[in-house]
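Tertiary structure, described
Chain by chain, the residues run as shown.
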Amino acid sequence: MASLTVLRLRSTDLALIERQLRVKIAQLPHLFLDAPVLVDLGALGDGAAALVFGDLVRALRSCKLVPVAVANVPDGLRGAVTDAGLGVWQPPALGRTRGGGSPDAADAPAAETPAPEAQATETASADVALPTGPSAAVAPPRAPHAGPMVVSKPVRGGQIVYAQNNDLVVLAPVNSGAQVIADGHVHIYAPLRGRAVAGAQGLAGARIFCQKLEAELVAISGAYIMAEEIPAQFHGRAVQIFLEGGECRIAAL
Amino acid sequence: MSKVVVITSGKGGVGKTTTSANIATGIAQQGKKTVAIDFDVGLRNLDLVMGCERRVVYDFVNVIRNEAKLQQALIRDKRVENLYILPASQTRDKDALDPEGVGRVIEELKQMGFEYIICDSPAGIEKGAQMAMYFADEAIVVTNPEVSSVRDSDRVLGLLAAKTSRAELGGPAIRTHLLLTRYSPLMVKRGEMLSVGDVLELLGIPLLGVIPESKAVLQSSNKGAPAILDETTDVAQAYLDVVFRYLGQERQHRFIEEEKRSFLGRLFG
């Protein structure tokens, strides 16, 4: 099943979009590197007309993203979208509900400064309609049932293991310079010396469990703790890391 | 059966070329037909360390480019029977190496009956290093007891598991061995160096041997005679142990503990 990152625009200010994107990308650079992106204009309504798609493509490209298509394209802009080399993505459900007539979408383009979550990214399965409510921007990934991804060999420096839409179980050390990432939980039954990221697509309930914490960085759903910030009492201990009040917490196991 | 063995490390200056020269010499001394290939194209050190630099006419790149026959480029060692060197080119760079050419040369060496093909990798993880490891059946990862060297070795172990012919064709994993060089028990004791245990815990691969830090290495390099030829030195003893262990004999690990010096030794040392 193909999965696309959706970029939901709430502003047409390209400089602002690029700035916010770079902040977002800096948190999880490997996840977004060369990622195909679906640009959703639904929240812009008529304001979408102010977008210059060629410039938008250039801005996204400069962030090492690959814009592939645009969703919720107003009829008058189809030509501009295709001229910029982008596809028009319009599954039935999406096309009908996001015509630009919903009240919150009409307000949006007038706002000078978009809400902080303006460029929130999310993953949506391409063969499923995008969620339509305003809360959709933080929709969690769909639960996996294929069983977790299991890695039994050491994860060495420079290697990245990513369990997409899944939990990750690592039975060998994650060495410094290595990264283990999961959209669900990360379990490491060995020392964690590199980086671990759980809830990589925003699942706030994701946790990291490890037998021996010597990590360079641990992150859950975008919140992270660097090695220096890990309290000494947890160093070398078996711990779990979870999100509480938007911040990473560590607790001994 | 031929075995292709890459001597690699990631970090430079840890003793890859020294190790290649000594292990190739030691294996050949046991009657096995052995060749050492210098993959450090553009720098060329192995021939110096093995003392055959004046006899280099054609090199590895000439053979890859079909400018010379393999037999013309192979240099036969004057001291040890069964030992040959395939020197690197000094006038080209690593781009001269390509998988087809390297594969063809290695295949030809196998046809010639070489039992051990030792590939001396350049430092780094770029093309030269990747070509040196690409056709390997086994790898000896040379590491100094020092954090950055260990980290680079870890990186190289990751590449060995992913970017080799065996990995790409889904064959059995490359067998990896750890060789800890420039080891100083005294510095370990003072806490100035990682211990054998520390390094093994970090890298998690079997220990092939420990080579003590010694002036004999530098002296032998300058002389162009691998240290293993002078059996009186501790480095030679350490490399001999490594060779025998590698060929399947049981040998106790040595040079890990600080040597207990006798009273006289302390007086005159």
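Before going into details, it helps to say that this report is about the structure given with it. (Residues numbered from 1 in each chain as written. Chains lettered and ligands numbered in written order. Predicted model: local features only at pLDDT ≥ 70, side-chain atom pairs only at ≥ 80, totals over all residues. Heavy atoms only, no water.)

Considerations on the overall build of chain B
A tally of helices and strands in chain B yields 13 helices and 8 strands. Radius of gyration (C-alpha) of chain B: 18 Å, near the 18 Å computed for a compact globule of 269 residues. By principal-axis analysis of the C-alpha atoms, chain B measures approximately 60 × 40 × 35 Å. When burial is assessed residue by residue, chain B has 54% of its 269 residues classed as buried. Partitioning the contacts of chain B with sequence separation of at least 6, the portion at a separation of at least 24 is 75%. For chain B, the computed accessible surface area is about 12400 Å², with 49% contributed by carbon and sulfur atoms. Here chain B contributes 34 positive and 35 negative side-chain charges, whose respective centroids are spaced 3 Å apart. (Helix = DSSP H or I, 4+ residues; strand = E, 2+ residues; numbered from the N terminus. Rg over C-alpha atoms; globule rule 2.2 N^0.38 Å. Buried < 20%, exposed > 50% of the residue type's maximum accessible area, 1.4 Å probe, protein only. Contact = heavy atoms within 4.5 Å. Areas by Shrake-Rupley, 256 points an atom, 1.4 Å probe, with all protein chains shown as cover. Lys, Arg positive; Asp, Glu negative; His and termini not counted. Charge placed at Lys NZ, Arg CZ, Asp CG, Glu CD.)

Quick notes on the sheet that holds strand E5 (residues 116-120) of chain B
Residues and elements named next belong to chain B. Spatially, the 8 strands line up as an open sheet ordered E3-E4-E2-E5-E1-E6-E7-E8, and their pairing is mixed. Two strands in the sheet have a free side with no partner beyond their single neighbour: strand E3 (75-76) and strand E8 (207-212). In the sheet, strand E6 (residues 138-143) pairs with strand E7 (residues 175-183) via 6 bridges, with the strands oriented parallel. Considered in E7, the bridge of Ala139 is made with Thr176. (Pairing = 2+ DSSP bridges.)

A short note on the side chain of Glu138 of chain B
All names here are of chain B. Summarising the element assignment, Glu138 is placed in strand E6. Polar side-chain contacts of Glu138 include one of 3.5 Å to the side chain of Lys3. Within the structure, the side chain of Glu138 is placed 3.4 Å from the side chain of Arg175, a separation counted as a polar contact. With sequence-adjacent residues up to four places away left out, Glu138 is seen in contact with Lys3, Val4, Val5, Val6, Ile174, Arg175, His177 and Tyr246. (Polar contact = N/O pair within 3.5 Å; in protein donor to acceptor, adjacent residues only side chain to side chain.)

Here we look at the sheet that holds strand E6 (residues 149-151) of chain A
The pairing of strands in a sheet comes from backbone hydrogen bonds and takes either a parallel or an antiparallel form. All names here are of chain A. With respect to topology, 6 strands assemble into an open sheet ordered E6-E8-E10-E12-E15-E16, the strand pairing being mixed. Each edge of the sheet is formed by a strand with only one pairing partner; in this case those strands are E6 and strand E16 (247-252). Between one strand and the next, the sheet's axes are offset by a mean angle of 25 degrees, whatever the strand orientation. Of the pairings in the sheet, the one linking strand E15 (residues 239-244) to E16 comprises 6 bridges and is antiparallel in character. Note that in E16 the partner of Ile241 across the bridge is Ile250. (Axes fitted to C-alpha atoms, helices over the stretch in contact; angles between N-to-C directions.)

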